[in-house]
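For reference, the chains in residue letters:
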Amino acid sequence: MKDENMPNTISIALIAVFAALYTVLGFVPLFYIFGAYGQFITASLILAPIIGIILGPVGGTLATIIGGIAGMYLTGNMPMGIFSFIPGVMDTLCVGLIFRKKWYISALIFGILIISFAMLPSIGEAKYYVWFHTIALLTLLSPASNLSVDFIKSDDPQKIFLGVSILVFIGVLIDHITGSLLFQLLSPLPPQVWEGMAFVYPVERLLVTVLATIIGAGVVKAVLVSGLKIGKGLI
């Protein structure tokens with residue numbers, strides 16, 4: 001007789017596993033944050049979009065909230081104070097929504113974040129800082145986002161890799177604009193700083209995209225081979 005509680009049990013177990021992994025990666029620094037002495041972007045950034053793909057918007061968001069808050073307090077790495085876990089949560093949530101073919105909700109969230117940052121009075125003439133985020137938003141709005149979901153669900157390793165790369169690219173830019181908005185609201189930097197970083201952060205985000213794609217494609221393939229359905233989470 002089939003155990004009706006088994007899917008939910010597996011979901012809870014996966015949430016716990018990914019929350020723990022997210023916490024552990026919070027101890028690994030990737031890039032130091034300019035303007036926040038002693039604070040850094042951690043390797044958990046790599047895992048956030050992957051969690052969204054595997055667990056979906058509900059289970060994934062829950063795992064990232066748990067892992068993000070735990071990692072934040074265990075490491076003391078809080079560049080945006082108690083809100084430091086939010087960028088990763090937004091990343092996971094939006095990627096999970098895209099994977100559920102609810103790309104329009106992610107696009108709305110992403111668009112609001114971009115406009116909110118650009119409209120901050122303290123940004124001044126540095127509004128073009130969001131140019132790379134806009135490219136990611138246009139990618140989300142294009143057929144590529146839906147196509148990426150179909151690719152990830154295929155048995156073709158090359159398609160899985162391409163599909164994961166598209167969603168990861170979108171996710172890490174959502175994470176970045178969320179963090180930039182929060183940082184500027186809490187610890188405003190002069191416009192010149194944002195102007196100086198406008199063509200630096202895309203390199204950083206592309207490096208993260210490549211690394212997260214390599215890891216993510218392998219994780220997704222392993223989950224598919226195990227017979228588990230990805231993107232379902234708790235619902």
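No experiment lies behind these values; they were computed from the predicted model shown. (Residues numbered from 1 in each chain as written. Predicted model: local features only at pLDDT ≥ 70, side-chain atom pairs only at ≥ 80, totals over all residues. Heavy atoms only, no water.)

A short note on a nonpolar patch on the surface
Here's step 1: Residues I69, Y73, I82, F83, L185 and L186 make up a contiguous nonpolar surface patch of roughly 580 Å² in combined accessible area.
Here's step 2: Among the secondary structure elements, L186 is positioned in helix 7 (residues 157–186).
Here's step 3: Its relative accessible area of 44% is what places L186 among the partly exposed residues. (Patch = residues over 30% accessible without salt bridge, like charges linked within 9 Å, V, L, I, M, F, W, Y side chains within 5 Å. Areas by Shrake-Rupley, 256 points an atom, 1.4 Å probe, with all protein chains shown as cover. Salt bridge = Lys/Arg side-chain N within 4 Å of Asp/Glu carboxyl O. Helix = DSSP H or I, 4+ residues; strand = E, 2+ residues; numbered from the N terminus. Buried < 20%, exposed > 50% of the residue type's maximum accessible area, 1.4 Å probe, protein only.)

Some points on unusual backbone geometry
Most of the time, phi is negative for any residue but glycine, and the peptide bond is trans.
Here's step 1: The backbone of K101 sits at a positive phi, close to 65°, despite the residue not being glycine.
Here's step 2: Inspection of the secondary structure puts K101 in the loop between helix 3 (86–99) and helix 4 (103–118).
Here's step 3: When its relative accessible area of 35% is taken as the criterion, K101 is described as partly exposed.

A closer look at the nonpolar core
Here's step 1: Counting residues in hydrophobic clusters, the biggest one holds 65 residues, and the most contacted among them are I53, F110 and F117.
Here's step 2: The element that contributes the greatest number of residues to this core is helix 7, accounting for 14 residues.
Here's step 3: Among residues more than four places away in sequence, those in contact with F110 are H133, A136, L137, L140, I170, L173, I174 and I177. (Core = buried A, V, L, I, M, F, W, Y, C linked by side-chain atoms within 4.5 Å. Contact = heavy atoms within 4.5 Å.)

With respect to the packing of helix 5 (residues 131–141) against helix 7
Here's step 1: Helix 7 packs onto helix 5 with a crossing angle of 135° between their chain directions and a minimal axis gap of 9 Å. When the interaxial angle is binned, helix 5 and helix 7 end up oblique. Once helix 5 is placed against helix 7, the crossing between them reads as left-handed. Residues F132, H133, I135, A136, T139 and L140 of helix 5 lie in contact with helix 7, whose contacting residues are I166, F169, I170, L173, H176 and I177. (Axes fitted to C-alpha atoms, helices over the stretch in contact; angles between N-to-C directions. Parallel < 35°, antiparallel > 145°, perpendicular 65-115°, else oblique. Left-handed = near helix turned anticlockwise from the far one by under 90°.)

Focus on the pattern of salt bridges
Here's step 1: Taken as a whole and judged by the stated rule, the model has three salt bridges.
Here's step 2: Here K101 makes a salt bridge to D150, at a shortest N to O gap of 3.5 Å. Remark: D150 occurs in helix 6 (residues 143–152) and K101 occurs in the loop between helix 3 and helix 4; sequence separation between them is 49 residues.
Here's step 3: Look at D150 and you get partly exposed, because its relative accessible area is 41%.
Here's step 4: Put simply, R205 and D175 hold a salt bridge, and the shortest N to O gap is 3.4 Å. With a gap of 30 residues between them, R205 in helix 9 (residues 201–226) and D175 in helix 7 connect regions that are remote in the sequence. The same class applies to R205 and to D175, which are both buried.
Here's step 5: Taken together, the shared-partner salt bridges connect D175, E204 and R205 into one network.

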